[in-house]
Amino acid sequence: MSRINAHYCDLPGSYLFAEIAHRVQEHAAANPHKRIIRLGIGDVTAPLPPAVISALHKAVAEQATPEGFRGYGPEQGYAFLREAIVTDVYQGMNIDPDAVFVGDGTKEDLGNFQELFDLGCRVAITDPVYPVYADSNVMAGRAGPPDALGRFAGILYLPCTAENGFLPDLPGERPDIIYLCYPNNPTGAVLTRGQLARWVAYAREHDCLIFFDAAYEAYITEADIPRSIYEIEGAADVAVEFRSYSKTAGFTGLRCGFVVIPPGVRGRGPGSEPIPLRDLWLRRQTTKYNGCPYIIQRAAEATHTAAGKRETRAIIAGYRENARRIRDGFQALGLTVSGGTNAPYIWVKLPSGMGSWDFFDLLLNRFGIVGTPGAGFGPSGEGHFRLTGFGTAADTGEAMERLRGFTL
Ligand code: MLT
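As the structure is a computational prediction, the values presented were derived from the model and not from experiment.

Participant: Explain unusual backbone geometry to me, and be specific about the residues and the numbers.
Facilitator: That bond from Asp127 to Pro128 is cis: its omega, 5°, falls within 30 degrees of zero. Here Pro128 is to be found in the loop between strand 3 (123-127) and helix 5 (131-140). Look at the link from Tyr182 to Pro183: it is a cis peptide, with omega at -5°. In this structure, Pro183 sits in the loop between strand 5 (177-181) and helix 6 (193-206). The phi dihedral of Asn94 is positive, around 60°, even though this residue is not glycine. Of the residues examined, Asn94 reaches a relative accessible area of 77% and is grouped as exposed. For Asp224, which is not glycine, the phi dihedral falls at a positive 70°. For Asp224, a relative accessible area of 43% puts it in the partly exposed group.

Participant: Help me get a handle on the pairing of strand 5, residues and values and all.
Facilitator: Most of strand 5 is tucked away, with five of its five residues classed as buried. Here strand 5 shows two buried faces, one formed by Ile177, Tyr179 and Cys181 and the other by Ile178 and Leu180. One ladder, built from two bridges, connects strand 3 with strand 5; its direction is parallel. Considered in strand 5, the bridge of Val123 is made with Ile177. Two strands pair when backbone bridges link them, and strand 5 and strand 6 (residues 209-213) are joined in this way by five bridges, in the parallel orientation.

Participant: With reference to specific residues and values, describe the domain arrangement of the protein.
Facilitator: Each assigned domain of the protein is listed with its residue range as follows: domain 1 (6-47 + 308-403) and domain 2 (52-304). Listed by partner, the interface residues are 33 residues for domain 1 and 46 residues for domain 2. Carbon and sulfur atoms supply 61% of the area buried between domain 1 and domain 2, which totals about 3200 Å² over both sides. It is Tyr15, Asn342 and Phe377 in domain 1 that bury the most area against domain 2; as a group they hold 20% of the surface buried on that side. Linking domain 1 with domain 2 are one salt bridge. Inspection of the domain 1/domain 2 interface yields twelve residue pairs in polar contact (both at pLDDT 80 or more).

Rules of the game
- Residues numbered from 1 in each chain as written.
- Predicted model: local features only at pLDDT ≥ 70, side-chain atom pairs only at ≥ 80, totals over all residues.
- Heavy atoms only, no water.
- Helix = DSSP H or I, 4+ residues; strand = E, 2+ residues; numbered from the N terminus.
- Buried < 20%, exposed > 50% of the residue type's maximum accessible area, 1.4 Å probe, protein only.
- Pairing = 2+ DSSP bridges.
- Domains from an automatic or database assignment.
- Contact = heavy atoms within 4.5 Å.
- Buried area = accessible area lost by both parts, 1.4 Å probe.
- Salt bridge = Lys/Arg side-chain N within 4 Å of Asp/Glu carboxyl O.
- Polar contact = N/O pair within 3.5 Å; in protein donor to acceptor, adjacent residues only side chain to side chain.

Right, dumping it as structure tokens:
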């Protein structure tokens, strides 16, 4: 037998959302007449916007014609989409289409990007955190074995607790790479322009890189919260930005996202020479990836048209309204709640002493509602519970009805 990559044995037994799906499936099999409301994984429920559907139909029809048929596409993404992204999203930020790489989703891009770096690089992540940042570094062998709490010596954890408003303090020791996600998954916290500027200044001063996951920027409602890290002066030398069409335009099934790597963002080569990460990522993508399908890229392009933007805004408004109802509903139960204002995620503080997996079981068994235990996002998530606004309005309303009057 061939030896496996032993770092896989250091991972938690299963991926968080796979574990939840497994538990829910078991519960559903044992309770076939119970209607389960899923507010756990952040999967969207609204159908794709009409502009996306007609772009898909058109692109499919093109495939039946000799002129319209497409085989392998450019690994970096078609120019029509990269140009639409720059025009629509990065106006005035000095980002060139050449810096944009279209991929098949932010989870994939974030999971893969770490492979450009030496295994000795120290990675900083917030705690709690979207599990992909940690797990992909564990798989690569950059994290070392876990301790009893499931923490890895090779990872620098930045705790986000009620005491610091769920916003990490700047690291006390220098990491090479810092993962930031704002609006945050799972806490729903946001960084103001001034707060994000401090991170950019830190990265510049300490010669580190920021991987900025902006998957939830479309949920920002308040002023002074940046949607892109490139709104901050100096970020184009130290930050790579990850964007998704999943939570904005309903592409969780279609799969499309993009990474922005400005030419000034560089790593150190074997002789300490600076090497643009853009060139390395291009090399990686041309070797391991044949590009997001043409049909999907045409669908993504449609989200940048006037009609596409109007339609996606309406869908997002619906998810925001769900988030508000969940927030109000849990507050009415006497619980302390954060997030849900500039983010689709609502972060509920559980009564002291209650474990988040216990609350998961309670909500599922008693009310048929699925959420996500905070502990699944890291040790600092214990004592918290995440709900999402991505359900249907009817399910969200029913979930809040089922919970009405419930006392913990
Ligand atoms: C989540 O629920 O945290 C997200 O849906 C996961 C993802 O985007 O991969």
